[in-house]
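# Commentary on secondary and tertiary structure
Residues per chain are reported as follows:
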Amino acid sequence: MRDGRLSCEALMEATLDRIAAVNGALNAVVSMRGAQELLAEAREADRSEPAGPLHGVPIAIKDLADAKGLPTSQGSPAFAGRIAAADSPHVAALRQAGAIVIGKTNTPEFGLGSHTYNPVHGVTANPYDLSRSCGGSSGGAAVALAAGMLSIADGSDMMGSLRNPVGWNNVYGMRPSWGRVPGGADGDVFLHRLSTNGPMARCPVDLALLLDVMSPPRTGGCRGRHSHLSVRWMATPPDCVWRGWPTGMRPWRWKMAY
């Protein structure tokens, strides 16, 4: 898109077409915004200067986090239809980098459990076998990636909720060190110390970029002080990296996040 070979509008059209084609059977993306509204936002992005590294890239937010103007049900009838008045901190960072929020991704009720189903949005299926579980609790995000509906997604992890579904759906994700990605101070801050938001993607390069975007420089707050060191390329990793690695397995270029 930066080189003009692909427009934000064309990417959004392709994203909406793919969701229309496969999401009915998978039920990964929920609470979608209207197609015309999204296309209008993509056209506006085409007319604007790039806002950041995710300029015009569609993303859906895990339905435990707030995205302003969209419902945050947390998979529970108790919160079904509750519209978020503001973005969660990491969602605000995604928007600031230019991402276009298209909807939410499904999660088990309150994010509790390793299988993605709830009484509000139903069951999310595994794209490789609709009869099997997609894992959880970031199951909707992992399935949306695996099925080509999204190229990047956010997730969260308390006891495997990022790592479990990426393994079950053959995509990439990581649980960052606690405090790397900002978290809000609202609600139960005791459990916040066990959970963290993190990136998910279809390739490691996009994963590293998304981690960088989700963890902007900041000080103070619920997650404590944070000193930001950007994702960087290591053309020649130090010798200690190679200890124990067979020569044929050594990648010539690593992308590492600190």
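Read on for a plain summary of the structure. (Residues numbered from 1 in each chain as written. Predicted model: local features only at pLDDT ≥ 70, side-chain atom pairs only at ≥ 80, totals over all residues. Heavy atoms only, no water.)

Read from one edge to the other, the open sheet built from 3 strands follows the order β1-β3-β2, with strand pairing classed as mixed. Either end of the sheet is taken by a strand with one partner, and the two such strands are β1 (29-30) and β2 (58-62). Pairing of β2 with strand β3 (residues 100-105) involves 5 bridges; the strand directions are parallel. Looking at the pairing, Lys 62 lines up with Thr 105 of β3. (Pairing = 2+ DSSP bridges. Helix = DSSP H or I, 4+ residues; strand = E, 2+ residues; numbered from the N terminus.)

We now examine the pattern of salt bridges. In this structure the tally under the stated criterion is 12 salt bridges. Residue Glu 9 is joined to Arg 43 by a salt bridge in which the shortest nitrogen-to-oxygen separation is 3.0 Å. With Glu 9 in helix α1 (residues 8-26) and Arg 43 in helix α2 (residues 35-47), this pair connects stretches of sequence that are 34 residues apart. One salt-bridge network, in which partners are shared between bridges, spans Arg 33, Glu 37 and Glu 41. (Salt bridge = Lys/Arg side-chain N within 4 Å of Asp/Glu carboxyl O.)

As a packed pair, α1 and α2 sit with axes 7 Å apart at the nearest point and diverge in direction by 155°. Taken together, the axis directions place α1 and α2 in an arrangement best described as roughly antiparallel. Note that α1 runs across α2; the crossing there is right-handed. Packed against α1, whose contacting residues are Cys 8, Glu 9, Met 12, Glu 13 and Leu 16, the element α2 presents Ala 35, Leu 38, Leu 39, Ala 42, Arg 43, Ala 45 and Asp 46 at the interface. Among the residues making up the contact of α1 with α2, the classes are represented as 8 nonpolar, no polar and 4 charged. (Axes fitted to C-alpha atoms, helices over the stretch in contact; angles between N-to-C directions. Parallel < 35°, antiparallel > 145°, perpendicular 65-115°, else oblique. Left-handed = near helix turned anticlockwise from the far one by under 90°. Contact = heavy atoms within 4.5 Å. Nonpolar A, V, L, I, M, F, W, Y, C, P; charged D, E, K, R; others polar.)

Of note, the bond from Gly 136 into Ser 137 is cis; its omega dihedral lies within 30 degrees of zero at 15°. If you trace the backbone, Ser 137 turns up in the loop between β7 (129-133) and α4 (139-146). For Ser 31, which is not glycine, the phi torsion reads 50° and is therefore positive. Within the element layout of this structure, Ser 31 appears in the loop between β1 and α2. Although it is not a glycine, Gln 74 sits at a positive phi angle of roughly 55°.

All quantities given are derived from atomic positions and should not be read as evidence of function.
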